[in-house]
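Observations on chain architecture
Given next are the chains, with one letter for each unit.
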Amino acid sequence: MQLMVRKKRSLFARIMRRIPLPVFALALGLAVGGMAWMVVDRVQSRALSEIFDQALTGMLEQAARESLIRFDEHRQSFEFQARLLANHRLMAAYLEPLIWSSQEPFTRRHYRGEAPAWLPRGRIWRDVAQPSHLILADSAGGLREVYSPIGEPLPTGLLDDPALYLEASRQRAFLTKIGDQPFMLVSEPIEDSFYYPMGLSL
């Protein structure tokens, strides 16, 4: 056994003596450098991955916060417009001569190609929000008047149970789906010039 070990050592020694020292140093340097590079690369890759994940998470959180702020501002603009419309003097003056009885049948009025008399003129309300529909409803939830600034028909789902949507959106923005389309609904109480409650604007 010892003889075999001595033979292997002598063979290794003869091989090493035949290799020039610069070549041996270069090979050893490359081997050590390669092992060091593998270790450093693994650690560096892990560190870079963690830095990237943290940066991506921060960007996503920032984008989510900005989107939430924009959505909240959009919601508030609809609430402000609903209050502006419901409390405008044109609304009170328009409602003063009307009598809406829930006991009598009525014909719903659709405005096509013309703005209703209760809608404020100018750009004040237009700069606040851009609703697809403006609706006047009586106290029982009957949809009396409908106006679409963009010319869209009234969603059929809203006609099935308008009182439900009116109550859910009373004085606050209510996000829901009517049919397959998302809608943001806001309703405000409306009164005539003598502060008699007439119903809701939606």
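One structure accompanies this document, and this report is about it. (Residues numbered from 1 in each chain as written. Predicted model: local features only at pLDDT ≥ 70, side-chain atom pairs only at ≥ 80, totals over all residues. Heavy atoms only, no water.)

So, on to the packing of aromatic side chains. The description of an aromatic ring pair uses the distance of the two centres, along with the angle that the planes make with each other. Overall, the coordinates contain two aromatic pairs when judged by the stated rule. On the numbers, 6.3 Å between centres and 85° between planes, the contact of Tyr111 with Trp118 is edge-to-face. Of the residues examined, Tyr111 reaches a relative accessible area of 6% and is grouped as buried. Both rings, one in Tyr111 and one in Tyr147, keep their centres 6.5 Å apart while their planes meet at 85°; by these two values the pair is edge-to-face. (Phe/Tyr/Trp six-rings, centres within 6.5 Å; stacked < 30°, edge-to-face > 60°. Buried < 20%, exposed > 50% of the residue type's maximum accessible area, 1.4 Å probe, protein only.)

Time to look at the sheet that holds strand β7 (residues 197–201). The mixed open sheet is built from five strands, whose spatial order is β1-β3-β2-β7-β6. Sheet topology places β1 (109–111) and β6 (188–191) at the edges, where each strand pairs with a single neighbour. Geometrically, the sheet is characterised by an average inter-axis angle of 20° between neighbouring strands, direction not taken into account. Examined bridge by bridge, strand β2 (residues 134–138) and β7 share three bridges and lie antiparallel to one another. Across the sheet, the residue bridging to Asp138 is Gly199, located in β7. (Pairing = 2+ DSSP bridges. Helix = DSSP H or I, 4+ residues; strand = E, 2+ residues; numbered from the N terminus. Axes fitted to C-alpha atoms, helices over the stretch in contact; angles between N-to-C directions.)

Our next topic: the nonpolar core. With 14 residues, the main nonpolar core has Met91, Leu95, Trp118, Leu136 and Ile190 as its most contacted residues. Of all the secondary structure elements, the ones that give two or more residues to this core are α2 (21–86), α3 (89–95) and β2. Looking at this core, the element that brings in the most residues is α3, giving three residues. Not counting residues up to four positions away in its chain, the partners in contact with Leu136 are Met91, Tyr94, Trp100, Trp118, Gly142, Leu143, Arg144, Glu145, Ile190, Leu200 and Ser201. Counting 13 residues, the second-largest nonpolar core is a separate cluster that includes Leu166, Phe183, Leu185 and Leu202. (Core = buried A, V, L, I, M, F, W, Y, C linked by side-chain atoms within 4.5 Å. Contact = heavy atoms within 4.5 Å.)

All right, on to the layout of surface pockets then. Counted as a void, the largest pocket has a volume near 330 Å³. As for the largest pocket, its lining consists of 21 residues, and the residues nearest its centre are Phe78, Pro131, His133, Met184 and Leu202. Every element with two or more residues in the lining of the largest pocket is listed here: α2, β2 and β5 (181–185). Grouping the amino acids of the lining of the largest pocket by side-chain chemistry returns 16 nonpolar, five polar and no charged. (1 Å grid on protein atoms, 1.4 Å probe; cavity = no way out; pocket = protein on both sides within 12 Å on 5 of 7 lines; lining within 4 Å. Points joined across faces, edges and corners; volume = space filled by probe spheres on them. Nonpolar A, V, L, I, M, F, W, Y, C, P; charged D, E, K, R; others polar.)

What follows covers the environment of Glu114. One can find Glu114 in the loop between β1 and β2. The partly exposed category is assigned to Glu114, whose relative accessible area is 44%.

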